[in-house]
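Here is how the chains run, residue by residue.
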There are 2 protein chains.
Amino acid sequence: MSGKWKGFMPDWRETAPLAGSYRSIFKWGDPAGFKHPNEKLYREMKEVFGLSDDDFRQRRREGDEAVRLARTPRLGASHVQAMARIVGEENVSTKDYDRLRYATGKTVEEAMLLREGKPGRAADLVVHPRGKEEVRAIVKYCARHRIPVYTYGGGSSVNFGFRPAKGGISLVLSTHMNGIVKLNEENQTVTVQAGIMGPALEGALNDAPSKLRAARPYTCGHFPQSFEYSSAGGWVATLGSGQSSTYYGDAYNLVLSQEYVTPAGDIRTREYPAAATGPKVNDILKGSEGTFGVLVELTLKVFRFMPRNRKRFGFIFPTWEAAVSATREVSQGEFGMPAVMRISDQEETNIGLKLYGIDGTFLDTLMRLRGFKPMERCLMLGTSEGDASLTKNVKRNVKRVCARHGGMYLTGLPTKLWEPGRYRDPYLREDLQDFGILIDTLETSVTWDTLHKVHREVRAAVKKRPKVICMTHASHFYPQGTNLYFIFIAKMERVKDYVAMQDDIISAICASGGSVSHHHGVGRMLAPWIEEHLGKGQMDVLRALKRHFDPAGIMNPGGPLGLDLKGKDWRKI
Amino acid sequence: MSGKWKGFMPDWRETAPLAGSYRSIFKWGDPAGFKHPNEKLYREMKEVFGLSDDDFRQRRREGDEAVRLARTPRLGASHVQAMARIVGEENVSTKDYDRLRYATGKTVEEAMLLREGKPGRAADLVVHPRGKEEVRAIVKYCARHRIPVYTYGGGSSVNFGFRPAKGGISLVLSTHMNGIVKLNEENQTVTVQAGIMGPALEGALNDAPSKLRAARPYTCGHFPQSFEYSSAGGWVATLGSGQSSTYYGDAYNLVLSQEYVTPAGDIRTREYPAAATGPKVNDILKGSEGTFGVLVELTLKVFRFMPRNRKRFGFIFPTWEAAVSATREVSQGEFGMPAVMRISDQEETNIGLKLYGIDGTFLDTLMRLRGFKPMERCLMLGTSEGDASLTKNVKRNVKRVCARHGGMYLTGLPTKLWEPGRYRDPYLREDLQDFGILIDTLETSVTWDTLHKVHREVRAAVKKRPKVICMTHASHFYPQGTNLYFIFIAKMERVKDYVAMQDDIISAICASGGSVSHHHGVGRMLAPWIEEHLGKGQMDVLRALKRHFDPAGIMNPGGPLGLDLKGKDWRKI
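An account of the accompanying structure is given in this report. (Residues numbered from 1 in each chain as written. Chains lettered and ligands numbered in written order. Predicted model: local features only at pLDDT ≥ 70, side-chain atom pairs only at ≥ 80, totals over all residues.)

1. A few points about the overall build of chain A
Put simply, the rule is: Helix and strand assignments follow DSSP, with helices taken as H or I runs no shorter than four residues and strands as E runs no shorter than two, numbered in order from the N terminus. With C-beta atoms placed from the backbone, a residue is labelled by how many other C-beta atoms lie within 10 Å of its own: buried for 20 or more, exposed for 12 or fewer, partly exposed between the two.
The helix and strand inventory of chain A stands at 22 helices and 18 strands. Here the C-alpha coordinates of chain A stretch approximately 75 × 60 × 50 Å along the principal axes. Per-residue burial for chain A yields a buried fraction of 60% across its 573 residues.

2. Regarding the sheet that holds strand S10 (residues 294-301) of chain B
Residues and elements named next belong to chain B. For the record, the criterion: The criterion for strand pairing is that DSSP finds at least two bridges linking the strands in question. What counts as an axis is a line fitted to C-alpha atoms, over the stretch in contact for a helix, and the angles between N-to-C directions run from 0 to 180 degrees.
The strand order across the open sheet formed by five strands is S5-S6-S10-S8-S9, and the pairing between neighbours is antiparallel. Both edges of this open sheet fall to strand S5 (180-184) and strand S9 (265-268), since each of them pairs with a single strand only. Mean inter-strand twist for the sheet, computed between neighbouring axes without regard to direction, equals 10°. Two elements, strand S8 (residues 255-262) and S9, share four bridges in a ladder whose sense is antiparallel.

3. Some points on helix H22 (residues 536-549) of chain B
In plain terms, the rule: Multiplying 1.5 Å by the residue count of a helix minus one yields the expected span of that helix. Picture the helix axis, draw a direction to every C-beta atom, and the arc is the one those directions span. Contacts are defined on C-beta atoms placed from the backbone: any two residues whose C-beta positions lie within 7 Å are in contact.
Helix length check: H22(B) (14 residues) gives 20 Å between terminal C-alpha atoms against 20 Å at 1.5 Å per residue, within 8%. Residues of H22(B) that are buried: Gln538(B), Val541(B), Leu542(B), Leu545(B), Lys546(B) and Phe549(B). Axial view of H22(B): buried residues confined to an arc of 140°, hence all on one face. Against the buried residues of H22(B) lie strand S9 (265-268), helix H12 (281-285) and helix H22 (536-549) of chain A together with S8, helix H12 (281-285) and helix H21 (527-534) of chain B.

4. Description of the environment of Ala552(A)
All names here are of chain A. Residue position: Ala552 is located in the segment after H22. Given 15 C-beta atoms within 10 Å, Ala552 falls into the partly exposed group. For the pair Ala552 and Glu531, spaced 21 residues apart in sequence, the C-alpha to C-alpha distance is 22 Å. Residue contacts for Ala552: discarding those within four places in its chain leaves Ala143, Arg146 and Pro263.

5. Concerning the relation of the copies chain A and chain B
Superposing the two chain copies requires a rotation about an axis and a translation along that axis. Just so we agree on the cut-off: The copies were overlaid with a least-squares fit restricted to C-alpha atoms from residues scoring a pLDDT of at least 70 in each copy.
Once chain A is rotated about the relating axis by 180° and shifted along it by 0.0 Å, it coincides with chain B to within an RMSD of 0.0 Å. Overall, the copies show the geometry of a two-fold rotation axis. For chain A, the minimum C-alpha distance to the rotation axis belongs to Ile284(A) and amounts to 3.1 Å. Both copies contact each other with a shared surface, as 100% of the interface residues of chain A are interface residues in chain B too.

6. Points about the sheet that holds strand S16 (residues 437-447) of chain B
All names here are of chain B. Sheet architecture is open: seven strands sit in the order S15-S12-S14-S13-S17-S18-S16, paired in antiparallel fashion. The sheet is open, and its two edges are formed by strand S15 (408-409) and S16, each paired on a single side. Sheet topology note: the S16/strand S18 (residues 481-491) ladder contains 11 bridges and is antiparallel. Note that in S18 the partner of Leu442 across the bridge is Phe486. With respect to the sheet, helix H16 (residues 388-404) is in contact with strand S12 (311-317), strand S14 (378-384) and S15, its orientation differing from that of S12 by roughly 5°.

This is the structure in structure tokens:
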């Protein structure tokens, strides 16, 4: 992964976390999975942060200690027994490790604190329901006894989305409620239990002829970076977007119908692709982040799986402005949308070319010869999917548009180099933090006419702190705009400093005209900005819905979406 | 319009309604606009209904009487004066004619009753606000004094959507609030006042270079049959669909942001094409049919206007099943979606070929020779739009798919013959009613796996009554399903009989698995079916939203969406 090194290579950790340790909770993904920085990124960091090889000789605060919680569960034994009667003894746990594991997402802040052996608020009880009837019984019981319920899918939240801020129950859907209920080939839909994980869903669809006795293979079309460690229910609850969303649509567009268990009763919506039967309750449930009820089942669109038709393309542009203009023209050109489309700004291009191994190759030489200068040039990569005639048409038109905007065609190579690592970048985080460097991301939606302002002002906010790498890309395109995804890397070891920087960046995003989030959701972390962003009128509607679904306030209480946020500091709830 | 007749031609009316008459209210569209049945349709009706030319010698109950209302306005003079102070004396009216005109939609039932000189409930006062600030003042005043407010856009409702069942104010947005606020070419959006009518919007967009100083011409992509007589606000409030929705999307998909004035305050949503900032309040406002508040301004997507790229196609299929399978394959084929796509069942094909003038031509002969038999064969027509490379690709693939399903290519001729009349079919209604024949429509959404059952059972319900023509088409396509649009023609003169038939058809639609509506909305007419259709869980959400936005129940009270419907008979409210 880290390639061949010529000089000193830090002792990147290659051992899985110890069972029961803090590290086993905060480490991303496969316990035995790693993606180390390559030498070029390592050198870049040393240079930017003013570090030497000596700073990378000793890993520290790796979080190998066994989890121990100071606080014992506050839920009475009678409640624990009641839950055990519903789901079976083997499906409840009050063990410290489980209580913390199913309370912890994937924020940098959580990882930093767990490295210091400082767990945040844990669940009192972990419950693994075996079906929607059990969820119904649990929600009913908890509503009666005012016990908070936090729904846990894949656990990949990067904004404290399911953190049990008020204790209570962590309801884990991915343990048992992870099956395919029905593939409907005529309608091209699949009905699944909400806890199904990306690879299980996509695997079954790709192998539908053998696994589901189908006539054809299918794809779900949804590939977020967290794909391997996120659940279908989580995609919808947080309004996620996949890397091919430009063609397939966001999670919001992929969901035809849903079934929720709420304290106010059950809701099952109908499967029509469109209807004029009043405001779409099916749609208002999406993005509710566990605050209205528990999403137990959903019906998703599926698409024909035609990987042989996929076309790849890559371009280098002289400037960020040219890359943006080209993608706007592609998005508005009405010749068909690409599946993946991704443009990197100057700084990300600079590092990306190093990471993908293009830097220093003949392509790099060619680019330089043609006048595409480092820290000015911007990379674009992408694919087209669908019927072969469409993918060909999209690629041909993308090439035409990019040429008109000064883009040089780089073949499909950059995309080919990007693809194998598309889900693996998060693994870098642990390596860097082992040496006191943090890497994190924030992201936002923009319309075309706000894009440059948001990009400029957010970068300025990041760069106010010296020695921070800030890479930006746009990767989800619509005729009316796109997203901006900021990756920042800094040498920073105090949680306080990190949170202050993060707050500055979020504030800059909102002040410059971006949305609070494009596809990470709001959770608790972004909640303090949400009311100002949406306005009181919209927030009042969300609060009215909350009161309707959950009058006792037991569903994911304590901050998310700003629904019950008093003051700005959700961390103190 | 009626072509050359060989035999007796009824004396179709060719004079505009008298000013101030009932007919001037119920007649569709341009007062001087007509579309008469042609001789083939006339003969078909005579045959099916067992009529002779004698039945068509004398028009009757034409509704030429002057409007007179029995009931005087019940709104006190102080309220009228208060409204006049807000909008100006010239923008309020308590005249009988105005009170009825702005209370009446385009249902067959209303037309039948007005022909008998029986107006339904009228507004007490008609108010024409000049801007959103005035709407704000009106809503505030009405909330304080509990005066019902009914929003009137284009007036084309076919389900009593804005009928002032509780009296009060008819708020007419199309008089003054009908302008373009801003065209944003970078984002490809247009912001309009809600009362703008289809032709004004599309005309300005098509001529954007001269009218809006734009670099390019645009299209709104939304062409419902009511296009000429409906407003942008109405499209969204009722969740309408245009004839090219298969490519451009339904009104629901076209709206990026909106501004509402509600009794609970104003809401202005933001313009991002996507965001993960919690449940989408912008979307839950759509389809609220005036019950939450007044939609005053909206931002719509626009598309590049490229009429030269339009491709037309037409096919004849041996059976309805083959036509359905072909459109499903087109909708799921991922080579790009057609803009218009429309398949007619056996009975509609039979009449359609007569209406379009294909019956008896060389094409008809060719079809018969090739074995496409009348009352078995089914017509498909359509277009593709977008970039030239896409329209070519779509048409080529449509031809490939249709050939595989036994379809014979008919060139673009059927579409060319259909296009000039695409907005004009509603004019037929007045001609037929002048001779005691009614023509009406009901429509529904279906998934592919329910389509045939709904079609079969609804036709059976219609045909339970002898002597009824029932034509069906599907015209809005999605990968997961389509709509079914039923047109029925019957010799029927009593309102009671008509309503009984209509109720039977709606019940058959719902019982067989269709939705209450695909794009007409719910209004009052379909409200009795909505709770059973959506389920109590969804209805409780809509009622909670209603309570939030409009606690005093002043916005469009008396039945719509089933929000305040007691019992089944909204007509008695």
